[in-house]
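# Per-entry structural report
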Amino acid sequence: MGVCTSSTAQCLPRQSPIDIQTRRAKYDSSLKPLFIQYDPNTSKRIINVGHCFNVEFDDSSDRSVLSEGPLTSHYRLRQFHFHWGTSDRDGSEHVIDGQTYPAELHIVHWNSQRYSSFEEATKHSDGLAVIGVLLKIGEPNPVLQNIIDNLDKVKTKERTYWTYLGSLTTSPYSECVTWVLLQEAITISSEQLQHFRGLQNEDEEFILENHRPLQPIEKRLVKSSCK
Ligand SMILES: NS(=O)(=O)c1ccco1
Ligand SMILES: [Zn+2]
């Protein structure tokens, strides 16, 4: 999915992350609540992929899925990972009314209803759905300590979110992601966050930050699930 070159509206680039300007977000009453069904037993392994660590899941069947919300298909859980910064001052990829957060959790799903694999799905504009959860400094979060067994607890009953069409925030930046950004941040302690900066890449250098700079919103509209 190359970035379009023409300036026509239907072919403007749709890169992520963006600054969510909440006053410009439009309430869309047709947006349904998200349906999240995770089976913690599908978690496979934690793998250092050089620029971050991924907690991977067995995505050989629809045992952990995301549907509803802004989505018209069901999406299979593939992996989750975090983005962070060199200090607690920034580190999130999405920004809310110009406010950065110290980190951001991305829960990555692919459209298993329409495509046969994650790799294939990344070639299509409706291929992926990524739930973004902002992290703020607060009490140590027991869930983050063993998030694998507690992915369910990341779900809150009534959940409001922003949604927009964007891209992967790491190479190859494919424009295949329906972003669903939860409006409620979860906490992480500064000490927990410090552990992330202790991870090393393939050159044994510390991964001090791994968040992509903001991208132009172009003509895109951010929708909100609440007024
Ligand atoms: N950071 S992210 O969620 O856009 C992603 C998923 C896979 C590659 O990059
Ligand atoms: Zn990410």
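## Observations regarding the overall build of the protein chain
Along its length, the protein chain carries four helices and 14 strands. Within the protein chain, buried positions represent 51% of all 227 residues. In the protein chain, of all internal contacts separated by at least 6 residues, the share reaching a separation of at least 24 is 70%.

## Considerations on the coordination of the zinc ion (ligand 2)
Here the zinc ion (ligand 2) is held by His81 (NE2), His83 (NE2) and His106 (ND1), and the distances to it run 2.0 Å. Viewed at the metal, the four donor atoms of the zinc ion (ligand 2) are separated by angles of 99 to 118°, and the geometry they form is tetrahedral.

## A short note on the layout of surface pockets
Here the largest pocket defines a volume of roughly 430 Å³. Lining the largest pocket are 24 residues, and of these Asn54, Gln79, His81, Phe118 and Thr170 sit closest to its centre. Of all the elements in the fold, those that place two or more residues in the lining of the largest pocket are strand S5 (53-57), strand S7 (75-84), strand S9 (103-111) and strand S10 (128-137). Ranked by residues supplied to the lining of the largest pocket, first place goes to S7 with four residues.

## A short note on the site of ligand 1
Taken together, His81, His83, His106, Val108, Val130, Leu168, Thr169, Thr170 and Trp179 make up the full set of residues near ligand 1. Here His106 contributes a side-chain N or O atom positioned 3.4 Å from an oxygen atom of ligand 1. Side-chain polar atom of Thr169 to a nitrogen atom of ligand 1: 2.7 Å apart, as the coordinates give it. Expressed as a share of its isolated accessible area of 270 Å², the protein-covered part of ligand 1 is 91%. When atom positions are compared with the pocket grids, ligand 1 is found to occupy the largest pocket. Elements with a minimum of two residues in the shell around ligand 1: S7 and S9. In terms of residue class, the shell around ligand 1 is built from four nonpolar, five polar and no charged.

## A few points about the packing of aromatic side chains
Taken as a whole and judged by the stated rule, the model has seven aromatic pairs. Ring plane angle 45° and centroid distance 5.8 Å describe the contact between Phe57 and Phe80, whose orientation is recorded as tilted. Remark: Phe80 occurs in strand S7 and Phe57 occurs in strand S5; sequence separation between them is 23 residues. When the ring of Phe80 is compared with that of Phe82, the centres are 6.2 Å apart and the planes differ by 90°; the resulting orientation is edge-to-face. Here Phe80 and Phe82 have matching classes, each one buried.

Definitions and cut-offs
- Residues numbered from 1 in each chain as written.
- Chains lettered and ligands numbered in written order.
- Predicted model: local features only at pLDDT ≥ 70, side-chain atom pairs only at ≥ 80, totals over all residues.
- Heavy atoms only, no water.
- Helix = DSSP H or I, 4+ residues; strand = E, 2+ residues; numbered from the N terminus.
- Buried < 20%, exposed > 50% of the residue type's maximum accessible area, 1.4 Å probe, protein only.
- Contact = heavy atoms within 4.5 Å.
- Donors = N, O, S within 2.8 Å, 3.2 Å for Na, K, Ca; no water.
- Tetrahedral: all angles 85-135°; square planar, octahedral: opposite > 155°, others 65-115°.
- 1 Å grid on protein atoms, 1.4 Å probe; cavity = no way out; pocket = protein on both sides within 12 Å on 5 of 7 lines; lining within 4 Å.
- Points joined across faces, edges and corners; volume = space filled by probe spheres on them.
- Near = heavy atom within 4 Å.
- Polar contact = N/O pair within 3.5 Å; in protein donor to acceptor, adjacent residues only side chain to side chain.
- Areas by Shrake-Rupley, 256 points an atom, 1.4 Å probe, with all protein chains shown as cover.
- Sits in = over half its atoms within 2 Å of the grid points.
- Nonpolar A, V, L, I, M, F, W, Y, C, P; charged D, E, K, R; others polar.
- Phe/Tyr/Trp six-rings, centres within 6.5 Å; stacked < 30°, edge-to-face > 60°.

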